[in-house]
Amino acid sequence: MHRLEVPAPHTLPFAVGTFDTIGPLSRADFPHRHTFHELVHVTGGTGAHVVDTARWPLRPPHFGVIAPGQVHQWAGVRGLTGHVVLFTDDFLLDHPADRELLRRLSERPWLHLDEHADAQVARLVADLEDEYHRGGGGTESVLRALVHVLVVRAGRLLGTPPPEPAGAVAAEFVRLAGRPGPGPWSVRAHAERLGVSPGHLTEAVKAATGRTAAQLLREARTREAQRFLLRTDLTVRQVASRVGFADPAYFCRFFRRETGLSPGDFRRGGEKHHD
């Protein structure tokens, strides 16, 4: 698990730079995940980028979105060039609805850019990098505004419309549900943590995301189990325990219902490959 370490003299939970200037972890070839968002603009290289259960071959230019908690790695990569934009949830305080849009984008995390889209992304990333390093009055506001534009335009490229501004309760639930680590995995437990009734939470989340709170929790629980099955040597019993199932048999039924495969078949099938 990697946390965002910002070089001095910066104090913002934000960084931008090339793969070389950000450092070797930006091109790590082992499975890992972050507590922050990562946007990548790939301009050159061969190999593949693996995000959770999917392997995406490099045919630059690309734009990618990796959400906090997603497992990813660069596999067999050579000559990787481009830029990386890193920021935490806290950095999005001016545009909290971007958290939901980024979550949606991370479900389809890899995009091949045409010439026009590539030029658009390159200009925005160049502006971010210049503002980050040169600074001046209002730098923090400018960086937040540029990230907002980059996220919204990424949504357009993927045909993902920006969400309506989510209520504070729904936005916080989505953030908590998408966090890596142990649950809670029930709507009631989340409602208690947020200080609302389960019914109110369900209605707020449905209005903000179009999906139920229970559905989002099932999806988050399934993704976490998939990461453990693909990226660790834990037994099925141990994976079940990590995602909150005391009974491995019940976990296997849950996993099959959500994915169509048993945990063992999923592990043997490995990553999904994309052309």
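What counts as what
Residues numbered from 1 in each chain as written. Predicted model: local features only at pLDDT ≥ 70, side-chain atom pairs only at ≥ 80, totals over all residues. Heavy atoms only, no water. Helix = DSSP H or I, 4+ residues; strand = E, 2+ residues; numbered from the N terminus. Buried < 20%, exposed > 50% of the residue type's maximum accessible area, 1.4 Å probe, protein only. Contact = heavy atoms within 4.5 Å. Areas by Shrake-Rupley, 256 points an atom, 1.4 Å probe, with all protein chains shown as cover. Lys, Arg positive; Asp, Glu negative; His and termini not counted. Charge placed at Lys NZ, Arg CZ, Asp CG, Glu CD. Expected span 1.5 Å × (residues − 1). Core = buried A, V, L, I, M, F, W, Y, C linked by side-chain atoms within 4.5 Å. Pairing = 2+ DSSP bridges. Polar contact = N/O pair within 3.5 Å; in protein donor to acceptor, adjacent residues only side chain to side chain. Phe/Tyr/Trp six-rings, centres within 6.5 Å; stacked < 30°, edge-to-face > 60°. Lys NZ or Arg CZ within 6 Å of the ring centre and 35° of its normal.

## Here's the deal with the overall build of the protein chain
And then number 1: The helix and strand inventory of the protein chain stands at 11 helices and 7 strands.
And then number 2: Going through the 275 residues of the protein chain one by one, you find that 49% of them count as buried.
And then number 3: Excluding contacts between residues fewer than 6 apart, the proportion of contacts in the protein chain whose partners are at least 24 apart in sequence is 73%.
And then number 4: When the accessible surface of the protein chain is split by element, carbon and sulfur atoms take 52% of a total near 13200 Å².
And then number 5: Taking the 34 positively charged and 31 negatively charged side chains of the protein chain as two groups, their mean positions are separated by 8 Å.

## A short note on unusual backbone geometry
And then number 1: Residues Pro60 and Pro61 are joined by a peptide bond in cis, for which omega reads 5°.
And then number 2: One can find Pro61 in the loop between strand E3 (54-57) and strand E4 (62-66).
And then number 3: For Asp52, which is not a glycine, the phi torsion comes out positive at approximately 55°.
And then number 4: Inspection of the secondary structure puts Asp52 in the loop between strand E2 (37-51) and E3.
And then number 5: Residue classification places Asp52 among the buried residues on the basis of a relative accessible area of 11%.

## Thoughts on helix H8 (residues 213-231)
And then number 1: In this model, H8 (19 residues) spans 27 Å end to end at C-alpha, consistent with the 27 Å of a helix rising 1.5 Å per residue.
And then number 2: Across the 19 residues of H8, 14 count as buried, placing the element largely inside the fold.

## With respect to the nonpolar core
And then number 1: In this structure, Phe14, Leu39, Phe63, Phe87, Leu128, Val147 and Leu150 are the most contacted members of the largest nonpolar core, which totals 29 residues.
And then number 2: For this core, the elements supplying multiple residues, two or more each, are strand E1 (14-18), E4, strand E5 (72-87), helix H2 (97-106), helix H3 (115-134) and helix H4 (139-157).

## Concerning the pairing of E1
And then number 1: Counting buried residues in E1 gives 4 out of 5 residues, a clear majority hidden from the surface.
And then number 2: Both E1 and E5 contribute to a ladder of 5 bridges, which runs antiparallel. Pairing of Phe14 across the sheet is with Phe87, part of E5.

## Comments concerning the side chain of His37
And then number 1: As for its placement among the helices and strands, His37 is situated in strand E2.
And then number 2: A relative accessible area of 5% places His37 in the buried class.
And then number 3: Reaching out from His37, the side chain makes a polar contact with the side chain of Asp89 at a distance of 2.8 Å.
And then number 4: In this structure, His37 is in contact with Ile66, Ala67, Pro68, Val85, Leu86, Phe87, Thr88, Asp89, Leu92 and Leu102, ignoring residues within four places of it in sequence.

## Structural notes on H4
And then number 1: Its 19 residues give H4 an end-to-end C-alpha distance of 27 Å, which sits within 8% of 27 Å, the value for a rise of 1.5 Å per residue.
And then number 2: Where H4 is concerned, the buried positions are Thr139, Leu143, Arg144, Leu146, Val147, Leu150, Val151, Val152, Ala154 and Gly155.
And then number 3: In the core, the buried residues of H4 are packed alongside E1, E2, E4, E5, H2 and H3.

## Thoughts on the pairing of E4
And then number 1: The element E4 is extensively covered by neighbouring structure, given that 5 of its 5 residues are classed as buried.
And then number 2: Burial of the side chains of E4 extends over both faces: His62, Gly64 and Ile66 are buried on one face and Phe63 and Val65 on the other.
And then number 3: Summarising the sheet, E4 and strand E6 (residues 110-112) pair through 3 bridges and their orientation is antiparallel. Its bridge partner lying in E6, Phe63 is registered against Leu111.

## Describing the packing of aromatic side chains
And then number 1: Inspection of every chain in the model, using the stated rule, returns 10 aromatic pairs.
And then number 2: Seen in terms of ring centroids, Phe14 and Phe91 are 4.9 Å apart; in terms of plane orientation they differ by 25°. Their pairing is stacked. Of the two residues, Phe14 is situated in strand E1 and Phe91 in the loop between E5 and H2; the sequence distance between them amounts to 77 residues.
And then number 3: An aromatic cluster is defined as three or more aromatic residues linked by ring pairs; in this entry it consists of Phe245, Tyr250, Phe251, Phe254, Phe255 and Phe266.
And then number 4: The cationic tip of Arg221 hangs over the ring face of Phe254; the distance from NZ or CZ to the ring centre is 5.8 Å.

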